[in-house]
Amino acid sequence: MDIRQIDARYHVSPQIAAEDAEALAEAGFTRVICNRPDAEVPPSHQAEAIGEAVRAAGLEFEVLPLTHETMTPENVARQAALVDTAPGKVLAYCASGTRCTVVWALGQARRQSPEEILSAAAQAGYRIDGLRPTLDALAGRG
């Protein structure tokens, strides 16, 4: 697994496997969010298979598949709520971790400055500078 910390509670990763569930529990994660649509992966890596393993390891599992078309304000708010209500550390995964980082960034636009958001993403290895105009607009700066 290539888990990258975005903030104190939120971490992102490329696709995980069912075999990773125990290691996630041992690492202190309490909730896993699948942001990857099932159509992108074989059955062994679809939400049902991963969710079954994650729940068996004692973690919560949520599914919020995201694409460019489904990165709506409602889904951004839902992702933020899933993180905010988690009892501890959260891991969100997709193909590379980028979608999970973008949805987090959009959800933080009214909580943090665009500079803080982009810096946190960059420190985790995600260059999402193209979001700056959107973050500025959401923050009421654009």
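Structure shown above.
Scoring rules and cut-offs
- Residues numbered from 1 in each chain as written.
- Predicted model: local features only at pLDDT ≥ 70, side-chain atom pairs only at ≥ 80, totals over all residues.
- Heavy atoms only, no water.
- Axes fitted to C-alpha atoms, helices over the stretch in contact; angles between N-to-C directions.
- Helix = DSSP H or I, 4+ residues; strand = E, 2+ residues; numbered from the N terminus.
- Parallel < 35°, antiparallel > 145°, perpendicular 65-115°, else oblique.
- Left-handed = near helix turned anticlockwise from the far one by under 90°.
- Contact = heavy atoms within 4.5 Å.
- Nonpolar A, V, L, I, M, F, W, Y, C, P; charged D, E, K, R; others polar.
- Core = buried A, V, L, I, M, F, W, Y, C linked by side-chain atoms within 4.5 Å.
- Buried < 20%, exposed > 50% of the residue type's maximum accessible area, 1.4 Å probe, protein only.

A. Quick look at the packing of helix 4 (residues 98–108) against helix 5 (residues 114–123). Relative to each other, helix 4 and helix 5 sit at 160 degrees, their axes nearing to 10 Å. By the angle class used here, helix 4 and helix 5 are roughly antiparallel. Here helix 4 runs over helix 5; the crossing is right-handed. On the side of helix 4, the interface is formed by Thr-101, Trp-104, Ala-105 and Gln-108, while helix 5 contributes Ile-117, Ala-120 and Ala-121. A class-by-class count of the residues in the contact of helix 4 with helix 5 yields 5 nonpolar, 2 polar and no charged.

B. Representation of the nonpolar core in the model. One finds Ile-6, Tyr-10, Ile-128 and Leu-135 to be the most contacted residues of the largest nonpolar core, which totals 29 residues. When contributions to this core are tallied by element, the ones reaching two or more residues are strand 2 (10–13), helix 3 (73–84), strand 5 (89–93), helix 4 and helix 5. With 6 residues, helix 4 is the single largest residue contributor to this core. If you look at the next biggest cluster of nonpolar residues, it comprises 15 residues, including Ala-21, Phe-29, Val-32 and Ala-47.

Keep in mind that these numbers describe shape and distance, not what the molecule does.
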